[in-house]
Amino acid sequence: MRKIKDKIAELIDPHHQSFLFFHWNTTGIVVVIAVSIYLTLIWKGVLMHALLNNMFVYLPNYLTHEMLGHNLVGGIFYRALYSSYPEVGRWILTLAGNGVETLLPLCLVFAALRLQGGRWLMPPLMYWLSTTFYGAGEYAQDARACTLPLTSSDMITTHKAGI
């Protein structure tokens, strides 16, 4: 089992620069989880809003979600699959926004791990990836209430929420 894990880690990260190659002990894992939970509970207010809703987060997420996800990927696959498989076409169209918004930084993280010195790209890529998970979590949390407007105000146009 250990050899399979090492082969997978070597395939993903040939330069041994990710957390897969850290020598974790049980105490270290417990401390990291405890500090993460503590900071999550403390920073739920203004600081989290400032970290997750700013121009540097909003612009790449907006461009990948709306432009690349819905317009390009969703439009192409929806039109290609809808005539023969309408259920799959609608599913792809639904998944295209947040799916592409999350998949793009995830692929860039794996690509950075393959590069020598790619660890220097990891902090902004992980920050971008975490904000996409946060945005998907907001959509999932609102799934029953449906109070979140799907057309929101943004930093690029003068549209107001719900218009």
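Residues numbered from 1 in each chain as written. Predicted model: local features only at pLDDT ≥ 70, side-chain atom pairs only at ≥ 80, totals over all residues. Heavy atoms only, no water.

K.L.:
Sorry, what's going on with the packing of helix α4 (residues 55-82) against helix α5 (residues 86-114) here?
P.N.:
Two numbers describe a pair of packed helices, the interaxial angle and the distance between the axes. Running from N to C, α4 and α5 point in directions that differ by 155°, and their axes come no closer than 8 Å. If you check the angle between α4 and α5, you find them roughly antiparallel. For the element pair α4 and α5, the recorded crossing hand is right-handed. Where α4 approaches α5, its residues Asn-61, Thr-64, His-65, Leu-68, Gly-69, His-70, Val-73, Gly-74, Phe-77, Tyr-78, Leu-81 and Tyr-82 are matched on the opposing element by Pro-86, Val-88, Gly-89, Arg-90, Ile-92, Leu-93, Ala-96, Gly-97, Asn-98, Val-100, Glu-101 and Leu-104. Counted by class, the contact of α4 with α5 contains 13 nonpolar, nine polar and two charged residues. (Axes fitted to C-alpha atoms, helices over the stretch in contact; angles between N-to-C directions. Helix = DSSP H or I, 4+ residues; strand = E, 2+ residues; numbered from the N terminus. Parallel < 35°, antiparallel > 145°, perpendicular 65-115°, else oblique. Left-handed = near helix turned anticlockwise from the far one by under 90°. Contact = heavy atoms within 4.5 Å. Nonpolar A, V, L, I, M, F, W, Y, C, P; charged D, E, K, R; others polar.)

K.L.:
Can you walk me through the nonpolar core in this structure?
P.N.:
Nonpolar side chains in soluble globular proteins tend to end up buried together. By size, the foremost hydrophobic cluster in this structure holds six residues: Val-109, Ala-112, Leu-113, Met-122, Leu-125 and Trp-128. Contributions of two or more residues to this core are made by α5 and α6 (122-141). Contacts of Ala-112, omitting those with residues within four sequence positions, involve Gln-17, Gly-118, Leu-121, Met-122 and Leu-125. (Core = buried A, V, L, I, M, F, W, Y, C linked by side-chain atoms within 4.5 Å. Buried < 20%, exposed > 50% of the residue type's maximum accessible area, 1.4 Å probe, protein only.)

K.L.:
Would you explain the side chain of Thr-132 in this entry?
P.N.:
Residue placement: Thr-132 occurs in helix α6. Discounting residues that sit within four places of it in the chain, Thr-132 has contacts with Asn-61, Glu-101, Thr-102 and Pro-105.

K.L.:
Even after reading the chapter, I still don't get a nonpolar patch on the surface, so can you show me in this structure?
P.N.:
Together, Trp-24, Ile-29, Val-32, Ile-33, Ile-37 and Leu-41 line one region of the surface with nonpolar side chains, adding up to about 570 Å² of accessible area. Assignment of secondary structure puts Val-32 in helix α2 (residues 26-42). (Patch = residues over 30% accessible without salt bridge, like charges linked within 9 Å, V, L, I, M, F, W, Y side chains within 5 Å. Areas by Shrake-Rupley, 256 points an atom, 1.4 Å probe, with all protein chains shown as cover. Salt bridge = Lys/Arg side-chain N within 4 Å of Asp/Glu carboxyl O.)

K.L.:
Please clarify how the environment of Ala-112 should be interpreted in this entry.
P.N.:
In this fold, Ala-112 is placed in helix α5. The spatial distance from the C-alpha of Ala-112 to the C-alpha of Leu-125 is 8.9 Å, given a sequence separation of 13 residues.

K.L.:
I keep staring at the confidence of the model for the chain and nothing clicks. Help me out?
P.N.:
Keep in mind that low pLDDT regions are not for reading the predicted coordinates in detail. Confidence along the chain averages 77 in pLDDT terms, with 85% of residues attaining 70 or more. Taken element by element, the predicted model of the chain shows its lowest mean pLDDT in helix α3 (residues 46-52) (72) and its highest in α2 (85). (pLDDT = per-residue confidence, 0-100.)

K.L.:
Please clarify how the side chain of Thr-131 should be interpreted in this entry.
P.N.:
Here Thr-131 shows up in helix α6. The residues contacting Thr-131, other than those within four sequence positions of it, are Leu-52, Val-57 and Asn-61.

K.L.:
Got a minute to help me understand the packing of helix α1 (residues 2-12) against α5 in this structure?
P.N.:
Viewed as axis vectors pointing N to C, α1 and α5 meet at an angle of 95°, and their least axial separation amounts to 8 Å. The orientation of α1 relative to α5 falls into the category roughly perpendicular. Contact with α1, carried on its side by Glu-10, Leu-11 and Ile-12, involves Phe-110, Leu-113 and Arg-114 of α5 and no other residues of that element. A class-by-class count of the residues in the contact of α1 with α5 yields four nonpolar, no polar and two charged.

K.L.:
Is there a simple way to explain the environment of Leu-106 in this structure?
P.N.:
Looking at the element boundaries, Leu-106 is found in helix α5. The class of Leu-106 is partly exposed, set by a relative accessible area of 29%. Taking the C-alpha atoms as reference, Leu-106 lies 8.4 Å from Met-126; in sequence the two are 20 residues apart.

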